[in-house]
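Now for the letters of each chain:
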Amino acid sequence: MDRETYVAIKNVIKNELKITREDIIEIIREEVRKEIPRFLSNTYKDEGIKQLIDSLIARKIDDALKNKLTDGVSTAIRKVFDENYSMQIVKK
């Protein structure tokens, strides 16, 4: 869509229909709020998709826990190493 067409459509919406940008945003938000539950209920009716979504969620939670534990273990090892050995590791 070229600039002139965009401006013409925008002017019709604003001047002729008296619809503001905020009105459009609110209309879209209301429609999205209505559609999300319908979409989710339709999606979860298909057992294969339900299992896929559940496994993706479980995998993300598992990854987050592993990363948190790994970070915690790394920090603990570094702390023990620092406390017990007076060495400094120099990166070149």
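Residues numbered from 1 in each chain as written. Predicted model: local features only at pLDDT ≥ 70, side-chain atom pairs only at ≥ 80, totals over all residues. Heavy atoms only, no water.

Peer 1: Mind showing me how you'd approach the pattern of salt bridges here?
Peer 2: Opposite charge on two side chains allows them to pair when their charged atoms are near. Following the criterion strictly, the structure yields two salt bridges and no others. The partner of Lys34 in a salt bridge is Glu31, and the shortest N-O contact between them spans 3.3 Å. With Lys34 and Glu31 both in helix α2 (residues 21-45), this residue pair falls three residues apart, about one helical turn. Looking at Lys34, the relative accessible area reads 53%, which means it is exposed. (Salt bridge = Lys/Arg side-chain N within 4 Å of Asp/Glu carboxyl O. Helix = DSSP H or I, 4+ residues; strand = E, 2+ residues; numbered from the N terminus. Buried < 20%, exposed > 50% of the residue type's maximum accessible area, 1.4 Å probe, protein only.)

Peer 1: Looking at this model, I keep getting lost on the confidence of the model for the protein. Mind explaining?
Peer 2: The predicted coordinates should not be examined in detail at positions where pLDDT is low. Here the protein averages 76 in pLDDT, while 71% of its residues score no lower than 70. Averaged over each element, pLDDT in the protein is lowest for helix α3 (residues 47-84) (73) and highest for helix α1 (residues 3-16) (87). (pLDDT = per-residue confidence, 0-100.)

Peer 1: Please clarify how the environment of Lys50 should be interpreted in this entry.
Peer 2: Here Lys50 lies in helix α3. Once the C-alpha coordinates of Lys50 and Leu40 are considered, the two residues, ten residues apart in sequence, prove to be 9.6 Å apart.

Peer 1: Explain a nonpolar patch on the surface to me, please; I cannot follow it from the model alone.
Peer 2: Together, Ile24, Ile28, Val32, Ile36, Phe39 and Leu40 line one region of the surface with nonpolar side chains, adding up to about 540 Å² of accessible area. When you line up the elements, Ile24 lands in helix α2. Among the residues examined, Ile24 registers a relative accessible area of 34% and is labelled partly exposed. (Patch = residues over 30% accessible without salt bridge, like charges linked within 9 Å, V, L, I, M, F, W, Y side chains within 5 Å. Areas by Shrake-Rupley, 256 points an atom, 1.4 Å probe, with all protein chains shown as cover.)

Peer 1: How do you make sense of α1 when you look at a structure like this?
Peer 2: Along an α-helix, residues three or four apart share an orientation, since each turn contains 3.6 residues. End to end, α1 covers 19 Å across 14 residues, agreeing with the expected 20 Å (1.5 Å per residue, within 8%). Phi turns positive one or two residues past the end of α1, at Lys18, with a value near 60°. (Expected span 1.5 Å × (residues − 1).)

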